[in-house]
Each structure stands twice: as structure tokens, then as C-alpha cells.
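# Examination of the molecular architecture
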Amino acid sequence: MYAIENSSKPAFETNWRHQKYPFQQMDIGEYFLVPKSEVKPSGIAASASWASKKFNKKFITESHGDYTKVTRVKKPKVV
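Please read all numbers here as calculations on a predicted model, not as lab measurements. In every chain, residue numbers begin from 1 and rise along the written sequence. Residue-level local features of this predicted model are given only where pLDDT is at least 70; pairs of side-chain atoms are given and counted only at 80 or more, and the full residue set underlies all totals for whole chains, interfaces and linings. Just so you know, side-chain values use all the structure's heavy atoms and leave hydrogens and water out.

### Some words on the overall build of the protein chain
Helix and strand assignments come from DSSP, with helices taken as H or I runs of at least 4 residues and strands as E runs of at least 2, each series counted from the N terminus. Along the backbone of the protein chain there are 1 helix and 3 strands. N-terminal to C-terminal, the α/β element order of the protein chain is β-α-β-β. With a 1.4 Å probe rolled over the protein chains alone, any residue whose accessible area is under 20% of its type maximum counts as buried; one over 50% counts as exposed, and the rest are partly exposed. A burial count over the protein chain gives 30% of its 79 residues as buried. For the protein chain, the proportion of contacts with a sequence separation of at least 24, taken over those separated by at least 6, is 50%. Summed over its atoms, the accessible surface of the protein chain is roughly 5,500 Å², and 52% of this surface lies on carbon and sulfur atoms. Two residues qualify as a contact provided that any one of their heavy atoms is within 4.5 Å of a heavy atom in the partner residue. Areas reported as accessible are Shrake-Rupley estimates using a 1.4 Å probe. Residue values count occlusion only from the protein chains shown.

The following block contains the structure:
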């Protein structure tokens, strides 16, 4: 599992399966970095989109040199 940056809480594992990305444990403002040599940016963007729908949270991906940064952001209010 990739480590969450900007966090003071410990990561936890589920008993039923290993999670590659820590989407469920992230709070607003936290992020993790994925090396582009391991996963294509389009692949991590697809995973972030899936997690947004599954966990009802908003994630954005940004390209930074050799890494893709995945950040949890605040969901906009729908009026």
C-alpha cells in the first residue's frame, strides 16, 4: 500500500483483501504519490474515479515529474 502523506493517523489493513491504494482511509487534504514507472497516470486516474463513486469522496490526480499525485479534496455542494 502507498503511504498517505500529510497525515498523523496510522494506516490500517482490511482483513478481506490487500488494498493497493489508500483511498478509503484518506481525509481531505491528504495525498499519496505513485511512481509513473509502476502505474500509468491514466490507470491511477481511473482508480481515483472508481474510488470517488464507491466511497462518495472526491479525488484529483496531478502529474509531478516522475510521480502522479492523488489528493482527496472537498466535494462541492450541489444546490
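### With respect to the pairing of strand β2 (residues 58-64)
At least two DSSP bridges between two strands are needed for those strands to be called paired. In this structure, β2 lies alongside strand β3 (residues 67-73), joined through 7 bridges in antiparallel fashion. Pairing of T61 across the sheet is with V70, part of β3. The hairpin formed by β2 and β3 contains 2 residues between the paired strands, and G65 there has a positive phi angle of roughly 60°.

### Considerations on helix α1 (residues 41-55)
Expected span, for any helix, means 1.5 Å times one less than how many residues it has. When the terminal C-alpha atoms of α1 are compared, their 21 Å separation across 15 residues agrees well with the 21 Å that a helix rising 1.5 Å per residue should span. Within the span of α1, buried status applies to I44, A48, A51 and S52. Projected down its long axis, α1 shows its buried positions confined to an angular sector of 105°, all on one face. Exposed and facing more than 90 degrees away from the buried side of α1 are S42, K53 and K54. On its buried side, α1 packs onto β1 (31-35), β2 and β3. What the arc covers is the set of directions going from the helix axis to the C-beta atoms.

### Observations concerning the nonpolar core
Y21, F23, F32, V34, I44 and F59 are the most contacted members of the largest nonpolar core, which totals 13 residues. Residue contributions to this core peak at 3 residues, all from α1. Throughout this description, the term nonpolar core refers to a set of buried Ala, Val, Leu, Ile, Met, Phe, Trp, Tyr and Cys residues connected via side-chain atoms within 4.5 Å.

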